[in-house]
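Coordinates in review
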Amino acid sequence: MSTKPMHTCTTIRPVTLWPPSDDVILASAANIIAERYVKKDAYTNPQATKDFLTYKLASYEREVFAVMLLDNQHQLLEFKELFFGTLDAASVYPREVVKAVLAVNAAAVIFAHNHPSGESEPSSADKNITKRLTDALALIDVRVLDHIVVGRIPVSFAERGLL
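Treat the numbers as computed from the prediction; the structure is a model and nothing was measured. Residue positions are given per chain, counted from 1 along the sequence in the order it is written. Reporting in this predicted model follows two pLDDT cut-offs: at least 70 for local features of residues, and 80 or more for side-chain atom pairs to be given and counted; totals over whole chains, interfaces and linings ignore these cut-offs and use all residues. Side-chain measures were taken over the full set of non-hydrogen atoms in the model, leaving aside hydrogen atoms and water.

From N to C terminus, the protein chain includes five helices and five strands. The numbering of helices and of strands both runs from the N terminus, where a helix is a DSSP run of H or I of at least 4 residues and a strand a run of E of at least 2. When the helices and strands of the protein chain are read in sequence order from the N terminus, they spell out α-α-β-β-α-β-α-β-β-α. Remark: exposure states derive from per-residue accessible area (1.4 Å probe, protein chains only) relative to the maximum for the residue type, with buried under 20%, exposed over 50%, and partly exposed in between. Split into buried and exposed, the 163 residues of the protein chain put 38% on the buried side. Within the protein chain, contacts between residues separated by at least 24 positions form 65% of all contacts whose residues are at least 6 apart in sequence. Only heavy atoms enter the contact rule, under which two residues are in contact if any of them lie within 4.5 Å.

This is the structure in structure tokens:
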């Protein structure tokens, strides 16, 4: 008979709910896209950017304005949701956008916001804030590569010639 103590290994596994919710699946998809493209110059590709932003913003029931903060090679430094609004509007403050850019020393940005109604057509307010932000960031030599409006079909300002 052995005198060695018997050890049992107990592994505690987190409880997961199955099936996962749509929001969990979409968040996972956005993370997979980010990981896949973060090491590449993919965020100059409007379709890859629209896919990423759709997974990040489409499920919100209120308007959310976000910024993708990019380095010189257009690799993602940080995705930041900056402003949260109502069903059809969000107040966006250029000062706060500039602070976010400077905090990570970004060289370029891509703006994005959702339209909970599903209508992706950029409004005149969308065009005006994009111009104000572009002008503010030009003062500190930060390029605005695009502004994506996420709805049923995402719309790229760059593809439309609005930048």
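Following the structure, the description resumes.
As a further point, take unusual backbone geometry. Even without being glycine, Asn105 reaches a positive phi, approximately 60°. Along the chain, Asn105 falls in the loop between α3 (94–104) and β3 (108–114). For Asn105, a relative accessible area of 67% gives the class exposed. The phi torsion at Asp141 lies on the positive side, around 60°, for a residue other than glycine. By the element assignment, Asp141 lies in the loop between α4 (124–138) and β4 (143–150).

Further remarks concern the environment of Asp51. For Asp51, the location among the structural elements is in helix α2 (residues 46–57). Distance in space between the C-alpha atoms of Asp51 and Pro154 is 8.5 Å, their sequence separation being 103 residues.

By convention a nonpolar core is built from buried Ala, Val, Leu, Ile, Met, Phe, Trp, Tyr and Cys residues, the set being connected through side-chain atoms within 4.5 Å. Within the largest apolar cluster, 18 residues are counted, with the highest numbers of intra-cluster contacts made by Val97, Val101, Val109, Phe111 and Leu137. Of all the secondary-structure elements, those providing two or more residues to this core are β1 (64–70), β2 (76–84), α3, β3 and α4. When residues of this core are assigned to their parent elements, the largest contribution, four residues, is made by α3. In this structure Val101 touches Leu69, Ala106, Val109, Leu137, Ile140 and Val142, once residues within four positions along its chain are discounted. Core analysis: the second largest hydrophobic core is formed by 15 residues, Leu57, Leu76, Ile110 and Ala112 among them.

Once that is clear, we can look at the sheet that holds strand β5 (residues 155–156). Strands are treated as partners if at least two bridges between them are detected by DSSP. Across the sheet, five strands lie side by side as β2-β1-β3-β4-β5; this open sheet has mixed pairing. Strands at the two margins of the open sheet, each flanked by one partner only, are β2 and β5. The pairing of β1 with β3 spans six bridges and is antiparallel. Along β3, the bridge assignment pairs Leu70 with Ala108. Its contacts with the sheet place α3 against β1, β2 and β3, and it is angled at close to 160° to β2. Each of β1, β3 and β4 touches α4; the most contacted strand, β4, lies at about 160° to it. Note on method: axes are straight lines fitted to C-alpha atoms, helices fitted across the in-contact stretch only, with angles between N-to-C directions ranging 0 to 180 degrees.

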